[in-house]
Amino acid sequence: MKLVKHLANLGYGSRKQVGLMFREGRITDAQGEVMYADDPLDHDNLRVDGEPLDPPQGLLIMLHKPVGYTCSTKDPGRIVYDLLPPRYRLRSPLLSSVGRLDRDTSGLLLFTDDGALLHKIVSPKSKLSKVYEATLANDLRGDEAEIFASGTLMLESEQTPLLPADMEVVDSHRVRLTLHEGRYHQVRRMFAAVGNHVEALHRSRIGGLGLGNLPSGEWRMLDQATRAELFEA
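In this report, the structure presented in the accompanying data block is examined. (Residues numbered from 1 in each chain as written. Predicted model: local features only at pLDDT ≥ 70, side-chain atom pairs only at ≥ 80, totals over all residues. Heavy atoms only, no water.)

**Topic: the overall build of the protein chain**
For step 1, the next point in the chain: Helix and strand content of the protein chain: 6 helices and 12 strands.
For step 2, the next point in the chain: Expressed as a percentage of the 233 residues in the protein chain, the buried residues total 46%.
For step 3, the next point in the chain: Here the analysis covers contacts within the protein chain between residues at least 6 apart in sequence; of these, 61% occur between residues at least 24 apart.
For step 4, the next point in the chain: Accessible area of the protein chain: about 12,500 Å², with a carbon and sulfur share of 50%.
For step 5, the next point in the chain: Distance from the positive charge centre (29 side chains) to the negative charge centre (32 side chains) of the protein chain: 5 Å. (Helix = DSSP H or I, 4+ residues; strand = E, 2+ residues; numbered from the N terminus. Buried < 20%, exposed > 50% of the residue type's maximum accessible area, 1.4 Å probe, protein only. Contact = heavy atoms within 4.5 Å. Areas by Shrake-Rupley, 256 points an atom, 1.4 Å probe, with all protein chains shown as cover. Lys, Arg positive; Asp, Glu negative; His and termini not counted. Charge placed at Lys NZ, Arg CZ, Asp CG, Glu CD.)

**Side note on the pattern of salt bridges**
A pair can form between side chains of opposite charge whenever their charged atoms are brought close.
For step 1, the next point in the chain: On inspection of all chains with the given rule, the structure shows 12 salt bridges.
For step 2, the next point in the chain: Between R91 and D113 there is a salt bridge; the shortest N-O distance is 3.0 Å. One end of the pair, R91, is in the loop between β4 (60-65) and β5 (96-97); the other, D113, is in the loop between β6 (105-112) and α3 (115-122), with 22 residues separating them in the sequence. Pair check on accessibility: R91 and D113 agree, each one buried.
For step 3, the next point in the chain: The salt bridge involving D143 is made with R141; its shortest N-O contact spans 2.6 Å.
For step 4, the next point in the chain: According to the relative accessible area criterion, D143 is partly exposed, its value standing at 28%.
For step 5, the next point in the chain: Because the salt bridges share partners, they merge into one network encompassing E158, E181, R183 and R189. (Salt bridge = Lys/Arg side-chain N within 4 Å of Asp/Glu carboxyl O.)

**Some details on the packing of aromatic side chains**
For step 1, the next point in the chain: Scanning the entire structure with this criterion turns up 3 aromatic pairs.
For step 2, the next point in the chain: A ring pair is formed by Y81 and F111, whose centres lie 5.5 Å apart and whose planes are at 70°; its orientation type is edge-to-face. Within this pair, whereas Y81 is found in the loop between β4 and β5, its partner F111 is found in strand β6, the two being separated by 30 residues in sequence. Neither Y81 nor F111 differs from the other in exposure class; each is buried.
For step 3, the next point in the chain: When the ring centre of Y88 is taken as origin, the NZ or CZ atom of R91, which lies over that ring, is 5.9 Å away.
For step 4, the next point in the chain: Here the guanidinium or amino end of K120 rests over the ring plane of F231, the centre of that ring lying 4.3 Å away. (Phe/Tyr/Trp six-rings, centres within 6.5 Å; stacked < 30°, edge-to-face > 60°. Lys NZ or Arg CZ within 6 Å of the ring centre and 35° of its normal.)

Next up, the structure:
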């Protein structure tokens, strides 16, 4: 029954549902020959309704998250998993978002079912920078870049100052901010600390990986070469 468990872990259904798919002849090999539940497991040769199987454990997916979606599986509103194939929510191990973007923030969001890779991405030891594009409610006053780069800015209710952050001015209301840590609502709280308000926020890059021309609401699987870009300085 290895095939049944394998397909169930990929999210194609419960073991009972997958067993029924075998009985209905929906599981075949690449040549169209019907497979049986006790056949040897050969992932690359299997087909479900004529389509190749999703990749096994080790997925890394990049999503261009739109505003209005939450990084949750339980929120009653729109969630980022709605933008992925429905069976991806049923995979085991779980396909988890790597960190979060709040409902009002758009941009680059990663997913993986590889716990070691997730830990490597979020670990401070990896020193992966994150680039955000922020649109502000009020004009810049002129000293924000110096304050953010100082390494002395304390956020409300925090016990340690922020690491230095780099700010590039786009115009009087827009900036590009590069962070080297990830605290809760950090960009919004940084500008609140200097008397401003973030009206729109977009994450465009993590490490060496950018969204490129990926449209809002779309996703793509990252191959090994693209994964390497993530950890490039």
